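Fold and geometry: a report
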Amino acid sequence: MNSSRQESARSPHPPIGALLREWRAARRMSQLELALQSGMSTRHLSYVETGKAQASREMVCRLARALKMPLRERNALLLAGGYAPEYSENPLATPALDRMRHAIELIIAHQEPYPAFVLDRHWNVLMANQAALRVNHLLMGGRASPHANLLHQVFDPDDFRSVIVNWPEVAEKFIHHLHEQLAVVPSDPMAQKLLDAVLRYPDVPAHWRFRDLKNEPAPVLTLVFRSSEGELRFFETITTFSMPRDVTLDELRIECAFPADDHTAAVCARLSRAPD
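Residues numbered from 1 in each chain as written. Predicted model: local features only at pLDDT ≥ 70, side-chain atom pairs only at ≥ 80, totals over all residues. Heavy atoms only, no water.

Let's talk about the packing of aromatic side chains
What the rule picks out here adds up to 6 aromatic pairs. Between phenylalanine 155 and tryptophan 167, the ring centres sit 5.8 Å apart and the planes meet at 80 degrees, which makes this aromatic pair edge-to-face. Within this pair, whereas phenylalanine 155 is found in helix α9 (residues 150-155), its partner tryptophan 167 is found in helix α10 (residues 167-184), the two being separated by 12 residues in sequence. Of the two residues examined, phenylalanine 155 and tryptophan 167, each falls in the buried class. Considering the side-chain rings of tryptophan 167 and tryptophan 208, the 6.0 Å spacing of their centres and the 45 degrees angle between planes classify their relative orientation as tilted. Linking tryptophan 167 in helix α10 with tryptophan 208 in the loop between α11 (189-199) and β3 (223-225), this pair joins segments that are 41 residues apart in sequence. Here tryptophan 167 and tryptophan 208 have matching classes, each one buried. Three or more aromatic residues link up through ring pairs in this structure, and these residues are Phe155, Trp167 and Trp208. Note that arginine 253 overlies the ring of tryptophan 123, its terminal NZ or CZ placed 4.1 Å from the centroid. (Phe/Tyr/Trp six-rings, centres within 6.5 Å; stacked < 30°, edge-to-face > 60°. Helix = DSSP H or I, 4+ residues; strand = E, 2+ residues; numbered from the N terminus. Buried < 20%, exposed > 50% of the residue type's maximum accessible area, 1.4 Å probe, protein only. Lys NZ or Arg CZ within 6 Å of the ring centre and 35° of its normal.)

Pasting the structure below:
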């Protein structure tokens, strides 16, 4: 066994060549295209991919930028290349992210009396404003959601799925987004596990297991809910952080729901005025 193979066997990280090939395939880039965008020769890139040459730290960073890799995956590429990660990853509650957490809290508070919540990359709900809690309480008839994950809430018949009037349309768009997420970050096993889990719920079409490359969902989706106050209609906007330097911030998104009709706006306003 040669030294490079011995290092590969000892390393807990996948070989950098395997990661580069996987990401090139996901981005549909040839070696020539990636080499040109990274400022290196095709021969050198080929040698890096086959383990015959080692890329410098600067070169690994250039490759990651050319591949438009998320910060978590850039760290993984650096580790695979034998270098320390470049980007920190702090829990949202850590003092290092105090200012950003306060900014997030301000955004969702200002969304009142309409719902807003914060999601991580695996669709887990990390934060929600009071409006979201009030609307959820109304929709679920006072029952607590059995899940803290938005996709499970949408697909579980015992959760919000039971009150989504246009569930097939809503669920199909979520499946589309999840497939796109897997295409963007092919090395994310948790996303694949999440896809497998939601596809196991009852009455989920079998063809949703496969990525739809022909049809794009509508740019704006109205979510229609049945409630004791009549149908409520919302559309959502998504806010992400520009040029974050922390993995946690790179993966966060803030979803704000806005009323799609006057009735929904009036119900939200009335709920906000109700005594606790």
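A closer look at the confidence of the model for the chain
Here the chain averages 91 in pLDDT, while 95% of its residues score no lower than 70. Residue range residues 1-11 is modelled with pLDDT below 50. Its contacts to residues more than four positions away, or to other chains, number 2 contacts. (pLDDT = per-residue confidence, 0-100. Contact = heavy atoms within 4.5 Å.)

Some thoughts on the pattern of salt bridges
Here the structure, examined in full by the defined rule, presents 16 salt bridges. A salt bridge links aspartate 98 to arginine 101; the nearest nitrogen and oxygen atoms lie 2.6 Å apart. Within this pair, aspartate 98 and its partner arginine 101 are both found in helix α7 (residues 98-110), separated by 3 residues, close to a single helical turn. Note on aspartate 98: relative accessible area 28%, which makes it partly exposed. Between arginine 253 and glutamate 255 there is a salt bridge whose closest N-O contact spans 3.1 Å. The buried category is assigned to arginine 253, whose relative accessible area is 13%. The structure contains a network of salt bridges with shared partners spanning Arg72, Glu73, Glu89, Arg121, Asp188 and Glu251. (Salt bridge = Lys/Arg side-chain N within 4 Å of Asp/Glu carboxyl O.)

Notes on the side chain of histidine 152
Inspection of the secondary structure puts histidine 152 in helix α9. Reaching out from histidine 152, the side chain makes a polar contact with the side chain of tyrosine 201 at a distance of 2.8 Å. Non-local contacts of histidine 152, meaning those with residues more than four positions away in its chain, are made with His147, Asp159, Leu194, Ala197 and Tyr201. (Polar contact = N/O pair within 3.5 Å; in protein donor to acceptor, adjacent residues only side chain to side chain.)

Thoughts on the layout of surface pockets
Quantified by volume, the largest pocket comes out at close to 780 Å³. Around the largest pocket, the lining is made up of 27 residues, and of these Trp123, His177, Gln181, Ile238 and Arg253 lie nearest the centre. Counting residues per element, the ones that place at least two in the lining of the largest pocket are α6 (71-80), α10, β4 (232-239), α12 (247-251) and β5 (253-259). Looking at the lining of the largest pocket residue by residue, the classes come out as 12 nonpolar, 4 polar and 11 charged. (1 Å grid on protein atoms, 1.4 Å probe; cavity = no way out; pocket = protein on both sides within 12 Å on 5 of 7 lines; lining within 4 Å. Points joined across faces, edges and corners; volume = space filled by probe spheres on them. Nonpolar A, V, L, I, M, F, W, Y, C, P; charged D, E, K, R; others polar.)

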